Structure formats: structure tokens, C-alpha cells
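One letter stands for each residue in the lines below.
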There are 2 protein chains.
Amino acid sequence: MSDSLADSLFLKALRREPVHRTPMWMMRQAGRYLPEYRQTRERAGSFLVLAKTPELACEVTLQPLRRFRLDAAILFSDILIIPDAMGLGLGFETGEGPVFARPVRSAADIRNLPGLDPVSDIRYVMDAVTLIRRELPADIPLIGFAGSPWTVATYMIEGRGSKDFRLAKGLLYSEPEAAGELMNHLADITADYLLAQVEAGANALMIFDTWGGVLTPDHYRKFSLESLQRITDRVRSKAPEIPVILFSKGCAAHLEALAETGCQGLGVDWTLNIGEARKRVGEKVALQGNLDPVVLNAGPEAIRAEAAKVIESFGPHPGHIFNLGHGINPAVPPDHVRVLVEAVEEFSRKPEKGSPANGV
Amino acid sequence: MSDSLADSLFLKALRREPVHRTPMWMMRQAGRYLPEYRQTRERAGSFLVLAKTPELACEVTLQPLRRFRLDAAILFSDILIIPDAMGLGLGFETGEGPVFARPVRSAADIRNLPGLDPVSDIRYVMDAVTLIRRELPADIPLIGFAGSPWTVATYMIEGRGSKDFRLAKGLLYSEPEAAGELMNHLADITADYLLAQVEAGANALMIFDTWGGVLTPDHYRKFSLESLQRITDRVRSKAPEIPVILFSKGCAAHLEALAETGCQGLGVDWTLNIGEARKRVGEKVALQGNLDPVVLNAGPEAIRAEAAKVIESFGPHPGHIFNLGHGINPAVPPDHVRVLVEAVEEFSRKPEKGSPANGV
């Protein structure tokens, strides 16, 4: 096997080319379920120091790849880095998650938001990307990422995580024009941020629309899908060779519309069968997913059975990247990940060219 | 206008008979957004005392009907009353929500769960129902309710609310047989509980499957839909005249399957257009929904515009009960509810028989 990106199973699957086994990686694969991550995190002192120190971000990005045969690395960072760089004052309160000191609550707040030059204003992410790309095996692609404008805006408006998104959704109803400006502003910054990651060494891009699923269909189209389209257009015009994966969690209803954006791949959560998703999007895009992450907390038997179901559901078509339907959770024993990686390889391996189909 | 249930717009709409305007009620209409509710709640001392004292439960059930022209009342109670009566030790921690002292974590725990005779073991609910029915205007139906077995089980297993339902979903993967027994056990108790409410005076029934949407399609069918079917069958065989409404939040993908259960109505959250939902279920069931509850926090203009959209989306067909797509939230100003009630009446009113279609 050669060791260049030309042979990357992940990139081939994204282009919907045939592969001899289904490539896989896991959302949040660099994370708290790994003891070595917890150690580095402790050494850093805080999550933000970890994310903002290129050497440490590089170290935790590589950790899961040293343990498991994963087919892609993803930059260790956070979707709230952009509003932090805009001066909203990001902090993490214990047991509370991210909190912004200066949330955005009105049309005036939106119009006062600064612009951003990602290359200079978020230098540490670009440095981390370059460092990771240098340290990674040459045949393993590095995924750069950002949050979707709507998802990032929910935190900017609420000031923290939310259950009902009363303030963020409220702004869409009461100030639709200013809300639209916010999404456009964030979309343009996000596109530049992603392009800067490409410039620094990222080989593919992913956009996480974690909270698209809390919107009405009208608002989803207007405030989330449109801004995803805007980013995808801008990235495609500047870096047409870089594949983009969109992941709108809880948005099974909008799969066809997402496939029309011109992206190369769509993330699929666990609430729909990936085989049905494949039929619905046809030949348009590759699909990434969709094991229920909680399966990894169950025993090896359940892990193997459920992995087999996902692979069978997708069927013998090109264009599948195995992944979880959401991030891996901190309580997963690392050994369970090994069981999954081996199961995906075992159940998806195609007979070698020239070998008998039923050969032993 | 007569004052008997025969003329109830809510019951007519549930039977998909023509009505001169769209009936409406609101999930959690007896709740914290009302100052008189907060007063009664304070007088009770705790939420559980409020729910377990028939006179107080009756009082808060009636409060929203004194303020607004709503077309149905719903029993004030809680979906966790059943596991509380099974001895799990329900408490409410400040800022934390419901907590069970003795959660159900294993197959052995499940097999040790007691049976329940709702009439004697949850007497206070039946007393509340009888009292409310006596105090309610004769033409206003009273809706009895329960949680779905899956939704109730999530709290029994997790011991509290959850974000990822790791323990509850984990049990479905690791102990599918015992989990199936738990759902059957809860379904039978829930059916008896609902039938006891009918016996006590309830005129319609609703089952809240708040967490059905966190399951894979396979698990949804096996652990949530099947138990909803089991309840619906049992209620229909004993009380065929009582309409049943099923509400599986976040389950737009399963609408057709839910319509096949033999229920009379389906709740529809705000993540799909109710007009599309109507086309998908055809002539099978009435639909109840689906205004985004956050609209009520916005101003009168947004409330009127969004109410009009829901009514237009459903179109001039029989079988619509206007409602929110989820419970009303505590921050809604009561005056905004009045705006909504008036808007629904204005936008849904059909010309009187014999009056000119374009008359002034």
C-alpha cells in the first residue's frame, strides 16, 4: 500500500469510488473517553488552553490514531472559537458547559459585531492544523471543521447551551432581518475560517449543524440551510478540490435539500436507517454515519450486531464512511472502540479482486 | 349553542367532523406562565402536593379556562405518577427536575417491579378527574393523560432527566428482553390507568411520548410504538367511544406508523409542516398542533402571522385541533395567549351556513 492521500479510503468513499472496506472515524474521537486525553487535558489546565495551544491540540488529535486503525483525523478544536475570537468572552463553567460573557441579544448587538480575519485572528488553529498535518501519517487525511452559523448563533444569543432555544429562536421570530444578517456574517467568516484551515493543511472539511433540528421547516431553510449553502458555495469556488461534509443533526426531513447544496458528504444521525437515507439522496453524495453512539457503552456483542446492521443497511454501494450518529461519550471503554473498528473492517471487507467470491 | 359534549368542537374535530372554527387548547396550559398557578403552587408548598391534592389539581386545571376561550381542559398531573406509585420514590430537586430515589437499572430490577391497581393505588388522580369533570362547563371535554412506556421508562432507568439517555438506551441494547418486559408491564398499567381516568370522568385521552425521538427506527418500533399500540388496543376494547391522541415528539418519520395504531388523533411538533403531515396520514386521523411554542414569547405580530401559517398549512379540511408543538413555557406573558386564541378564531372561522361566501 502506498502512503499518500491518493489512496485514502476516506477520501475515496467521499468521492463515491469503490473501496475494499468501509473507512471509519468517530465524531469526538479525540476526547474524554481516552485516558491519555484526560492526562493532556489536565496538563493544559483548561479546555481552552488545550484548544488554543497548537502542540497540545496536535497531541490529542493524534492520540486516537495511535490506538485504533481510523481512516481520518479531525482537528481538535471547538465550534465556539469563532465567536470567542469576535470578543464574546468564551468561558467554560464546571457542569455548565460553554458560557459567553457578552451574548448577542438584539439587532444592535448583531450590527456591532466585528469582522474577523481567521488567518491572523485565529492563528493558533492554523498553526495546529499545519502541525497536525506534518505529524500525521501521509495517507491519513485531516478534517478541518466549523460549526454551522445557526448552531454557533444559538450559543452567541443564549449565552450558553439551551433546552428550548427560547432566545435564539425568539430572535428569528422577532428580528428576522437582523437574524438573517447574523447568519450571513457568520457564514462568510466561517467560509474564510474553513478556507484558512485548507490553506494550513486540512484535506477535507466538515460543518456541524448540531441544532438545526430544533427549527421549523421554514426557519431551517431560511436560517440554517441557506447559510450552509452560502459556505459551501464559497468554499467550492475557492477550493473546489476539498470535499465538504454537512451534518445537520435531527434533520432527517431535510436530507434531500442538504444533498442539493453541492457538498460531497452528509452526516446521518441514528434516527433513520442509513439505507433509506442512501435511497433518498441517490447518487448525489456520500453518507457518513450512523451508529447510535450509546451502542459503544454496551457490550461487544451489541457493538458487533449494531455495526453489522449499519453496514448491511447501507448495502454494497460506494460512498459510505462509517461513523457514529453523534459524538462518542466519555463513559465508553476504549476497548469497545477496538471491537467496533474490527467489526467494521470484518463486516465491510470485499473479496480481493480475482479471488473467488465464496473463497475461504 | 347547547351546553353538552355533543357540541364540543374538540371532540368533533377529533372525529374529523366539520366545525365552524378550529378548536384549540395548549399543552401545559395549566402552568407556570399563569400568576394564579404560581400562587396555588406556592400555597401547595411543592409540585407533588399540588398534583396529589384533588382540590388543588382541579383548581389549576380550571385556571386557564377562566382566562381564555379554550376548547378542552387537561388534567393537571405528571407522567411520573405511575413509577412513583410503584415505589421508586419520586422527588423534585430544585433546578434539577424529577429524581427517583430507587431507579431501575437491571433485568432483576425490572422483574421485581410491583403491579399496580390504578383505581386504588392512584386514587388522588381519579378523585381529581371526578372533581374537575363536575366543575368544568358541560360542553368542555376533559382530557386524561399518561406518559408513554418508553418515555416513563427513561426516567425510571436514568433516575432523572438525561441528555443522551445512555442508561435507558443502553438497557435496550444490553437487555432487550427485560426492556421489552418493562415496556409491556408499563403499557398494561398505563392502559388501566387511562381507563380508570375514563371511569372517573375523562372524555378523551392523550399519551405523551416525549422521548420517542431519541431512538433508532428499530428501537422506536419495538420499544415505543409497540407499547403505544398495546395501550391503544386495550383502551379501544374497553372504552371504544373514548378518542385517543398519541404524541411522539421528534417522530415525524413515524407519522404513518402512528396513524395505523387505531388512535383518533396525532400530536405534531413544530418540526414539520402540518399540511404535509395531513397529506401523509390522509383520512386516518385528526392532527393536533403545531405552533412552535417559542412564538408565544415573541410579539403579537409574530403570533398572528405564525398562527395563520399553521391554519393555512392545514387547509380547509376537517380534523384539526390547534395546539402548540410542545408545552407552553413559563416566560410567556398571558396576554400573548389571548392574542393567539383570538387569532386562531379569526383565521379559522368559516362563513355561517347560508351566508354569502364573500359577505362582510
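Residues numbered from 1 in each chain as written. Chains lettered and ligands numbered in written order. Predicted model: local features only at pLDDT ≥ 70, side-chain atom pairs only at ≥ 80, totals over all residues.

Moving on to the overall build of chain A. Each helix and strand in chain A was counted, giving 16 helices and 9 strands. Radius of gyration (C-alpha) of chain A: 20 Å, near the 21 Å computed for a compact globule of 360 residues. Projected onto its principal axes, the C-alpha positions of chain A cover 70 × 45 × 40 Å. Burial status across chain A gives 53% buried among its 360 residues. Pairs at least 24 apart in sequence give 71% of the contacts found in chain A among residues at least 6 apart. (Helix = DSSP H or I, 4+ residues; strand = E, 2+ residues; numbered from the N terminus. Rg over C-alpha atoms; globule rule 2.2 N^0.38 Å. Buried ≥ 20, exposed ≤ 12 C-beta atoms within 10 Å, placed from the backbone. Contact = placed C-beta atoms within 7 Å.)

Counting residues at the interface gives 24 residues for chain B and 24 residues for chain A. The element that contributes the greatest number of residues to the side of chain B that touches chain A is helix α10 (residues 166-174) of chain B, accounting for 5 residues.

Moving on to the nonpolar core. I207 and L266 of chain A together with L266 of chain B are the most contacted members of the largest nonpolar core, which has 246 residues in total. When sequence neighbours within four positions are dropped, the list of residues in contact with L266 of chain A reads I245, L246, L255, L258, A259, V281, V285, L287 and Q288 of chain A. (Core = buried A, V, L, I, M, F, W, Y, C linked by C-beta atoms within 7 Å.)

This next bit is on unusual backbone geometry. Residues and elements named next belong to chain A. Omega for the bond connecting G289 with N290 falls within 30 degrees of zero, at -10°, which places this linkage in the cis form. On the secondary structure map, N290 appears in strand β8 (residues 286-291). Here R16, not a glycine, exhibits a phi torsion of approximately 60°, which is positive. If you trace the backbone, R16 turns up in the loop between α1 (9-14) and α2 (35-44). On the basis of neighbour count, R16 is assigned to the partly exposed category, with 18 C-beta atoms found within 10 Å. We note that R28 has phi near 60°; this positive angle belongs to a residue other than glycine.

Residue and element names in this part refer to chain B. With parallel pairing, 7 strands are arranged side by side in an open sheet as β1-β4-β5-β6-β7-β8-β9. Taken across any chain shown, the strands that pair with only one partner, and hence form the sheet edges, are β1 (73-74) and β9 (320-324). Summarising the sheet, strand β7 (residues 265-268) and strand β8 (residues 286-291) pair through 4 bridges and their orientation is parallel. Looking at the pairing, V268 lines up with G289 of β8. Relative to the sheet, helix α12 (residues 217-238) contacts β5 (204-209) and β6 (244-248), its axis offset from that of β5 by approximately 170°. Sitting on the sheet, helix α15 (residues 300-314) is in contact with β8 and β9, with an inclination near 155° to β8. (Pairing = 2+ DSSP bridges. Axes fitted to C-alpha atoms, helices over the stretch in contact; angles between N-to-C directions.)

Once that is clear, we can look at the confidence of the model for chain A. In this model, chain A carries an average pLDDT of 95, and 97% of its residues clear a pLDDT of 70 or more. What the predictor reports for the complex is a pTM of 0.95 with an ipTM of 0.93. (pLDDT = per-residue confidence, 0-100.)

Each strand in a sheet pairs with its neighbour through backbone hydrogen bonds, running either in the same direction (parallel) or in the opposite one (antiparallel). All names here are of chain A. Read from one edge of the open sheet, 7 strands run β1-β4-β5-β6-β7-β8-β9, paired in parallel fashion. Two strands lie at the open edges of the sheet, namely β1 (73-74) and β9 (320-324), each paired on one side alone. Here 2 bridges tie β1 to strand β4 (residues 142-147), and the two strands are oriented parallel to one another. Across the sheet, residue I74 finds its bridge partner in β4, namely I143.

Another aspect to go through is the relation of the copies chain B and chain A. After a rotation of 180° and a shift along the axis of 0.0 Å, chain B superposes on chain A with an RMSD of 0.0 Å. Expressed as an axis order, the relation between the two copies is that of a two-fold axis. A shared binding surface is used by both copies, with 100% of the interface residues of chain B retained as interface residues in chain A. (Least-squares fit on C-alpha atoms with pLDDT ≥ 70 in both.)

Here we come to α12 of chain B. Side chains of residues three or four places apart in an α-helix project in the same direction, reflecting 3.6 residues per turn. Residues and elements named next belong to chain B. In this model, α12 (22 residues) spans 30 Å end to end at C-alpha, consistent with the 32 Å of a helix rising 1.5 Å per residue. L225 marks where α12 bends most, by close to 35°. Listed in full, the buried residues belonging to α12 are H219, Y220, F223, S224, L225, S227, L228, I231, T232 and V235. Check the buried side of α12 and you find it contacts α9 (149-158), α10, α11 (176-200), β5, β6 and α13 (255-259). (Expected span 1.5 Å × (residues − 1). Bend = angle between axes of the 7 residues up to and from the residue.)

What follows is about the packing of helix α14 (residues 274-281) of chain A against helix α15 (residues 300-314) of chain A. Residue and element names in this part refer to chain A. Viewed as axis vectors pointing N to C, α14 and α15 meet at an angle of 25°, and their least axial separation amounts to 7 Å. In terms of axis orientation, α14 runs roughly parallel to α15. Pair α14 / α15 crosses with right-handed handedness. Between α14, through I274, G275 and R278, and α15, the contact on the second element is made entirely by V310, S313 and F314. When its residues are assigned to classes, the contact of α14 with α15 shows 3 nonpolar, 2 polar and 1 charged. (Parallel < 35°, antiparallel > 145°, perpendicular 65-115°, else oblique. Left-handed = near helix turned anticlockwise from the far one by under 90°. Nonpolar A, V, L, I, M, F, W, Y, C, P; charged D, E, K, R; others polar.)

A few words on the environment of A13 of chain B. Residues and elements named next belong to chain B. Looking at the element boundaries, A13 is found in helix α1 (residues 9-14). You can call A13 buried: it has 28 C-beta atoms within 10 Å. Taking the C-alpha atoms as reference, A13 lies 27 Å from E59; in sequence the two are 46 residues apart. Once residues lying within four places of it in the same chain are set aside, the contact partners of A13 are V19, P23, A286, G319, H320 and I321.

Further remarks concern the environment of A107 of chain B. Residue and element names in this part refer to chain B. Tracing the sequence through the fold places A107 in helix α6 (residues 107-111). Separated by 67 residues in the primary sequence, A107 and S174 place their C-alpha atoms 9.8 Å from one another. In contact with A107, other than residues within four places in its own chain, are E175 and A178.

Turning next to the pairing of β8 of chain A. For a regular strand, side-chain orientation follows a simple rule: the groups alternate between the two sheet faces. Residues and elements named next belong to chain A. Among the 6 residues of β8, 6 are classified as buried, and the element is accordingly described as predominantly covered. With respect to chirality, the unit in which strand β7 (residues 265-268) leads through α14 into the neighbouring parallel β8 is right-handed. Strand direction decides the pairing type here: β8 and β9, joined by 5 bridges, are parallel. The partner of L287 across the bridge, within β9, is H320. In this fold, the crossover linking β8 to β9 by way of α15 has right-handed handedness. (Right-handed = clockwise from strand over helix to strand, strands pointing away.)

Residue and element names in this part refer to chain A. With 5 of its 5 residues buried, strand β6 (residues 244-248) lies for the most part within the structure. Side chains V244, L246 and S248 of β6 all project onto a buried face; the interleaved residues I245 and F247 project onto the opposite face, where all are buried too. Note that strand β5 (residues 204-209) and β6 share 5 bridges and pair parallel. In the strand pairing of β6, D209 is matched with S248. As a crossover connection, the stretch from β5 through helix α12 (residues 217-238) into β6 is right-handed. Across 2 bridges, the pairing between β6 and β7 is parallel. Its bridge partner lying in β7, I245 is registered against G265.

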